[in-house]
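Report on the structure
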Amino acid sequence: MCGIFGFNFENKKLIKLMIKSLKHRGPNHSSSYNDKNISIGYTRLSIIDLEGGNQPMYNENGSLVLFFNGEIYNFEELRVELEKKGHNFLTRTDTEVIVHAYEEYGHDCLKHFNGMFSFIIYDSKNKEIFIARDRLGIKPLYYYFEDKTFVFASEIKALFNYDKIKKEIKTDVINRYFTHRYCPGESTIFKGIKKLLPGHYLVYKKEKIKIKKYWDLSFNIKKSPINKISREFRDIFEQSVKYRMISDVSIGALLSGGIDSSSIVAMMRKNTDDKIRTYTLGFENGIKNEFGPAKLISEKFNTDHKEFTIDSSYIKYLPEIVKQLDEPLADPTVLPNYVLAKKTSGEIKVLLNGDGADEILGGYEQYRYMKYLKYYSYAPKILRKTFIESMKILPKEPFFLKLNEFLKNADNIDESYKSLISVFGEEEKKYVYSKTFKNELNNNNSFDEKYLKIKADSLNKMLFHDIKTYLSDNMLMKFDRLTMAKSIEGRVPFCDHKLVEFSTRIPIEYKLKGFNEKFILRHSMKNILPKKIIKKKKQRFMVPTDTWYTKEFGEFSKNLIDENEQLIEKYLDPTYINKIQNSDKFLSTKLMNFNRHFGLYYSRQLWSVTNFLLWHNESIDRNH
């Protein structure tokens, strides 16, 4: 696990600056390679072959130079194949397999890798740079290409060491941020800086870049008995977990007590007698903490278990977290994730978690809500129209605007789903954005609809969209960035590309059966996990931002809003911000007491505003 970087010119001072910026990703070793055409390098966190795995790696004649971030889990099988073809190996690391596979297969080497990766190969003979990113986007890669200047790195912060790259904001990405609470897609929030998308590679040659997609998903349902599909799923899943246990350093797992993490721990125990460290996070006054179910799994599989309770005082870490993330991201779970990495960094160097299970198997509540909406759409149009009209008497409160927008699009899955998952919907934005910002946007679309346009049923359309956006740009990005901030390698068994590909062939009734989510996972683990865990409903890891708003988060947010009047007026309407900021509006009404998720809805909007202001202060104003 490493941080990688490079540029298409020679500059030894810039190399040193980039190494310094990425040192947290690899504290064990750093090095570089450069000539007049290129400078590339890395910082290393040693996981496999601690003594012999330092980079760069070369092929036999030294014409290919490799720097690599990630893991190739099937490297031992690939090594045997490559040795049979005449390749000679000097180490036992997975890194060396990449350079020989590239030498043998060229760009098609990517089809042979099972892993998480971003890497650079420089072909010194042909003066060509080849950069690739893994299929799901577990490992990051950002680049800048302007006026024949090419600069790239694992994190955006490293790019700003090059003084010609300026911190100029893309307003359309701000709009996307307030829709999604993260920055989806190829464009970052900074002008000129892009992401290499998951499942893509980039070739730089003769002062030009070419980007090509090498992997994608398609949904081809395979009708088979549940028992057969269940066995196949479990076999692939077990192999995925087994691969992700390959390590020469200590390993642990995040154990929430739900079906996803419990399944991972069960498969870990099946494949080792060694100590397994597990960790559970919970909240003071949180929504149904899962300490009990997690302890049940820990005892069943004999893990070395620890619990951490998070309270609102941990808001003090938010400025530090924002710096690590580079772009604004308003997912409240960044806080407990960072605290976990901070508290465990002295014990483990590898951490497994359950990210990806909900996106590939239909685990989130929005998929159930869309199923409810389907039944609502069966009602006669005259009744639905009357109901929508009656809602106009309700106040122009954010929640009611969202509900109205959601219901009026009942016949259009794309529009209703967009409304459902937006932090600020399009109707709300008419009120929340300043006139100046609305004019700048000029009706810019904040939602990338192409992922909902694929040929598939409605559930798989939503899953495809969330795999391509929410999983890669929120879940996996934050997990990588916050674990690497404390020099821990995060691994995600449910994001094995073979498991994801298999999920696209599973009938939808084996994903969301009635209103029971992830049915196939529960069925496949029914003789392995306790019945209590199998039957346990999906429980979101809900950071209690509503109750925190009455404590440290509220004070932090109010002070930040008060101190940034000009910034708010540039993008947002102060009156509307005051409306959602007013605690009496969203914490004390009968409506909010009826369902706590209403309070969370408003406080999450405030969390998004707060994080944007903090990001702007830390990343733009302070370091410009």
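Structure: see above.
Values in this document were obtained by computation on a predicted structure and should not be read as measured data.

Conventions used here
- Residues numbered from 1 in each chain as written.
- Predicted model: local features only at pLDDT ≥ 70, side-chain atom pairs only at ≥ 80, totals over all residues.
- Heavy atoms only, no water.
- Phe/Tyr/Trp six-rings, centres within 6.5 Å; stacked < 30°, edge-to-face > 60°.
- Helix = DSSP H or I, 4+ residues; strand = E, 2+ residues; numbered from the N terminus.
- Buried < 20%, exposed > 50% of the residue type's maximum accessible area, 1.4 Å probe, protein only.
- Lys NZ or Arg CZ within 6 Å of the ring centre and 35° of its normal.
- Patch = residues over 30% accessible without salt bridge, like charges linked within 9 Å, V, L, I, M, F, W, Y side chains within 5 Å.
- Areas by Shrake-Rupley, 256 points an atom, 1.4 Å probe, with all protein chains shown as cover.
- Salt bridge = Lys/Arg side-chain N within 4 Å of Asp/Glu carboxyl O.
- Lys, Arg positive; Asp, Glu negative; His and termini not counted.
- Charge placed at Lys NZ, Arg CZ, Asp CG, Glu CD.
- Pairing = 2+ DSSP bridges.
- Contact = heavy atoms within 4.5 Å.
- Axes fitted to C-alpha atoms, helices over the stretch in contact; angles between N-to-C directions.
- Polar contact = N/O pair within 3.5 Å; in protein donor to acceptor, adjacent residues only side chain to side chain.

Another aspect to go through is the packing of aromatic side chains. On inspection of all chains with the given rule, the structure shows 42 aromatic pairs. Taking 5.3 Å as the distance between ring centres and 40° as the angle between the ring planes, the aromatic pair formed by F9 and Y162 counts as tilted. Pair noted here: F9 is in the loop between strand 1 (2-7) and helix 1 (12-21) and Y162 is in the loop between helix 4 (156-159) and helix 5 (171-180), with a separation of 153 residues, a long-range link. The same class applies to F9 and to Y162, which are both buried. These aromatic residues form a ring-pair network of at least three members: F160, Y177, F178, F190, F424, Y433, F437, Y571, F612 and W615. Taking NZ or CZ as reference, K300 lies 5.6 Å from the ring centre of F301, over its face.

Bringing unusual backbone geometry into the picture now. Of note, the phi angle at K127 is positive, near 55°, even though the residue is not glycine. The residue K127 is located in the loop between strand 6 (115-123) and strand 7 (128-133) in this model. Phi is positive for N302, which is not a glycine, with a value near 55°. The residue N302 is located in the loop between helix 8 (291-300) and strand 15 (304-310) in this model.

Where like charges cluster on the molecular surface, the negative patch consists of D562, E563, E565 and E569. Contributions of two or more residues to the negative patch are made by helix 23 (552-563) and helix 24 (565-571). Secondary-structure assignment places E563 in helix 23. Of the residues examined, E563 reaches a relative accessible area of 61% and is grouped as exposed.

The strand order across the open sheet formed by six strands is 4-5-6-7-11-12, and the pairing between neighbours is antiparallel. Only two strands of the sheet have a single neighbouring strand rather than two, namely strand 4 (57-58) and strand 12 (208-213). Bridge analysis of strand 6 against strand 7 gives six bridges, and the strand direction is antiparallel. Residue pairing in the sheet places S118 in a bridge with R133 of strand 7. Each of strand 4, strand 5 (64-72), strand 6 and strand 7 is contacted by helix 3 (residues 94-105), which is oriented at about 125° to strand 5, the strand it contacts most.

This part is about the side chain of K429. Positionally, K429 belongs in helix 16 (residues 426-432). At a separation of 2.8 Å, a polar atom in the side chain of K429 contacts the side chain of N175. The residues contacting K429, other than those within four sequence positions of it, are N175, T179, F424, K438 and S446.

Interpretation note: all reported values are geometric properties and have no functional meaning in isolation.
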